[in-house]
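# Residue-level structural notes
Each chain is listed here by its residues.
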Amino acid sequence: MANRAELGGLELGRLEVEGEGKDRDEELAALREKVRRLEKINAALIDRVERSSDIQGGAYSMFETAISLEAMVRDRTQALEEALSRLNVVNSELQAAHADANAARSRLRDAIESLSDGFALFDGSDRMIMCNKAFLEIWPDFEPMAHNGPEFSELVSAAADKGRTMGSLLERERWVSERVDRHRRADGAHVQALSDGRWIQINEMRTSEGGIVGIYTDITSVKAEDARERARELAERNLSLQATLDTLSEGVCLFDAGHRLQAWNGVLLRMLGIGQQDVSRIATHAALRAWCVESRKLECEAGLTWRDREGSRASSECMMGGRHFVIRSVPLSSGGMVFTFDDVTDRVRFQRSLTETAETLERRVAERTAELVRVNRELIDAKNEAEQANRSKTSFIAAASHDLLQPLNAARLFVSALEGRPMASRSRSLVDQTSTALDSVEDLLEALFEISRLDAGAIQPEISRFPLDHILSALRTEFTPLATRAHLRFSVPETGLWVQSDPRLLRRVLQNFVSNAIRYTQQGCVTVELEQKDSEVVVTVRDTGPGIAPENRERIFEEFRRLGSTQGIPGKGLGLAIVRRVTTMLGHEISVDTEVGKGSAFSITLPFVEPEAVTEEEAQSVPEAKEKAGGLVLVVDNDASILAGMEALLENWGLEVIAVSDPAGKAATRALEQGPALLMVNYHLDNDLTGVEAIAGLRQRAGTAIPALVITADRGEETKALLAAEGLPLLNKPVKPAQLRALLRQLDIL
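A few points on the structure. (Residues numbered from 1 in each chain as written. Predicted model: local features only at pLDDT ≥ 70, side-chain atom pairs only at ≥ 80, totals over all residues. Heavy atoms only, no water.)

## Some details on the overall build of the chain
In terms of regular secondary structure, the chain is built from 21 helices and 22 strands. Expressed as a percentage of contacts within the chain between residues at least 6 apart in sequence, the contacts between residues at least 24 apart total 56%. Counting every atom, the chain has about 43600 Å² of accessible surface; 51% of that belongs to carbon and sulfur. (Helix = DSSP H or I, 4+ residues; strand = E, 2+ residues; numbered from the N terminus. Contact = heavy atoms within 4.5 Å. Areas by Shrake-Rupley, 256 points an atom, 1.4 Å probe, with all protein chains shown as cover.)

## Focus: empty space enclosed by the protein
A complete count under the given rule lists 2 cavities of 30 Å³ or more for this structure. The volume enclosed by the largest cavity comes to roughly 90 Å³. Residue lining of the largest cavity: Trp-139, Phe-142, Phe-152, Leu-155, Val-156, Ala-159, Trp-175, Arg-179, Gln-192, Ile-202 and Tyr-216, and that is the complete set. Within the residue set of the lining of the largest cavity, elements represented by two or more residues are helix H5 (152–161) and helix H7 (172–185). It is H5 that contributes the most residues to the lining of the largest cavity, 4 residues altogether. When the residues that make up the lining of the largest cavity are grouped by side-chain class, the tally is 9 nonpolar, 1 polar and 1 charged. The space that makes up the second largest cavity amounts to roughly 50 Å³. (1 Å grid on protein atoms, 1.4 Å probe; cavity = no way out; pocket = protein on both sides within 12 Å on 5 of 7 lines; lining within 4 Å. Points joined across faces, edges and corners; volume = space filled by probe spheres on them. Nonpolar A, V, L, I, M, F, W, Y, C, P; charged D, E, K, R; others polar.)

## Some thoughts on the sheet that holds strand E4 (residues 199–206)
Strand pairing in a sheet is mediated by backbone hydrogen bonds. Such pairs are either parallel or antiparallel. Pairing is antiparallel across the open sheet formed by 5 strands, whose spatial order is E2-E1-E5-E4-E3. The open sheet terminates on both sides in strands that have one partner only, identified here as strand E2 (128–131) and strand E3 (188–193). Sheet twist, expressed as the average angle between the axes of neighbouring strands with direction ignored, equals 20°. Two elements, E4 and strand E5 (residues 212–218), share 7 bridges in a ladder whose sense is antiparallel. (Pairing = 2+ DSSP bridges. Axes fitted to C-alpha atoms, helices over the stretch in contact; angles between N-to-C directions.)

## Brief notes about the sheet that holds strand E19 (residues 656–660)
With parallel pairing, 5 strands are arranged side by side in an open sheet as E19-E18-E20-E21-E22. Edge positions in the sheet fall to E19 and strand E22 (730–732), since each has one partner strand and no second. Averaged over all neighbouring strand pairs, the angle between strand axes comes to 20°, with direction disregarded. Note: strand E18 (residues 632–636) against strand E20 (residues 678–682), 4 bridges, orientation parallel. The residue bridging Val-636 from the neighbouring strand is Val-681, located in E20. Packed on one face of the sheet, helix H19 (residues 691–702) meets E18, E20 and strand E21 (708–712) and runs near 150° to E20.

## A short note on the pattern of salt bridges
What the rule picks out here adds up to 22 salt bridges. The residue Arg-230 makes a salt bridge to Asp-226 at a minimum N-O spacing of 3.3 Å. With Arg-230 and Asp-226 both in helix H8 (residues 220–247) and 4 residues apart, this pair spans about one turn of that helix. Taking the relative accessible area as the measure of exposure, Arg-230 reaches 56% and is therefore exposed. Its salt-bridge partner being Arg-328, residue Glu-250 comes within 3.4 Å of it at the nearest N-O pair. Here Glu-250 is found in the loop between H8 and strand E6 (251–255), whereas its partner Arg-328 is found in strand E9 (residues 323–331), with 78 residues between them in sequence. (Salt bridge = Lys/Arg side-chain N within 4 Å of Asp/Glu carboxyl O. Buried < 20%, exposed > 50% of the residue type's maximum accessible area, 1.4 Å probe, protein only.)

Structure, rendered in structure tokens:
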């Protein structure tokens, strides 16, 4: 039984050792309960044996009991021996693990202590777990607290109470709060200045378990070296500054925020009459001012006024010591100020000399100018009269052309309406002759109006880069039928050349060249030729016409100039006059190569430019199809004859027309109720109402954006720009039926 108790004790000891693991308390309780049960069973068996012996007293019964107990003891003993064996193995492993852990702790402690930097480790509750001697040497006040696991806030408060950092000496509470906050962020390194003159760099980082590890490095020597380096740089900078000041021709002095002299140059000392050993006489700003006023007789003290506004430069001219000076001053961002003294005596004397010379020259120039004025007065008067006459002519032509366009537009509409009706051959001939006469008058007015606008400067070029083939293709389409009727060969090449010009005005020039060539050539051909010369492109229109005599080559560019050989050919003699004005405005050179009887060649030289890439969107862009709106057209014009002519013309084309003079009247309202497909509005209406305003009002009343176009005799650029901005198509008076019909087809009205 003693053995069983001893074995139970060993078992308990083994299990107690095993319980040092994670569930140590629970395992110990279970083992104790098991031992208690074994002891209880053992006591019960012994008691049974004893009672059995007393009652029966038989030897055989005792023998059987002993045999049974021996077997039970043997079994229990064997189980305990096996458990004890396992306990010994576990104890050996546990002792080895303890030895390894102690060795690792020892090595870690040795490694931490070997660090020259301070080391401190805090757990997730911000309590210090360990630190090394280097850490305690930096913070000696922490040594009594280090073994008690203090919180970081307690350590900071202790350091602040002892005034260990400069921040705690200045503002204790603020420094403690900021230091604790920075520690909890653990976002890298920062520097702390200690009150004993040392500098500590603190680098704090989070551990994987939520704690914080801090490394404390003494960087006092680095800071000292940095300070020495800065001192050297400052000294070198001061030497450079002094060398720079000494090279200046002006006297310079610099004062700090305390009005104390910091830098100066030798020129200043010479100007003020001070030797190097007497610089103390101007050691402050007040001393400089007193020396200049009392010793150098400075007449104006404003130049030496101290100013605190940074960047405000000031300059003052004054006399000092019988010489002229300009004193300049500039406040510095540091609170100091710089003064410069510039001796301008020689410059002032030279300027006075120049002034006297200039006055003499001015008198002479005035005398000569008076003579020239007397001589040229008659020429100036004649020039003014000529300019006034030219302006009057231009104004008259422009006004007359504009006023004539209104009735001419009505006549054109009536003739066009007649052309669409059946009539006798004699009447048809008269209508055709009337149409031809109107074409001639219209072309003449167009040319006169264009010349007047060019002379008045109303046309301004819009220079751009574009492919020349765009204009050449238009010429080919426009003049091929005309050349075919005249039995002439007409050829225009295709080209990939790009030029820089105003495409609209350039097309006008080439149209005049080609039109004249076809008109004056009886047989043969008209050819457009291209030639690239370095950075220029020469476009030539060559014909096999009668040619031009040398003495007439300049006269052909005059207004209404018709040569004797071309008197019988229709024309007005204004085309080349327009060409001369346009090319002069564009800066393009034109030339004429001609020989009587062999033809002429008119050329224009254009700037060549490199082709520009066409984007995929531009290449694939297709105008959106317009929805067909129907056949009712609402015409608005303040001229009754134009309304009648337009109504007749459009009805001949099979359209339903409502013509009104007042866009706000009842007739216009009835037309809107029928849902017009198109608004055709004159630009200038009564009561200063414009076509743009009338269209906006009609659309608003109709409640829909009705398609619209504007007809006007106003050819100004401002009107064109306004209508283009509103997206409204424009037709100029007199309206050509072919243009109107093409526009109506484009709008899907016809």
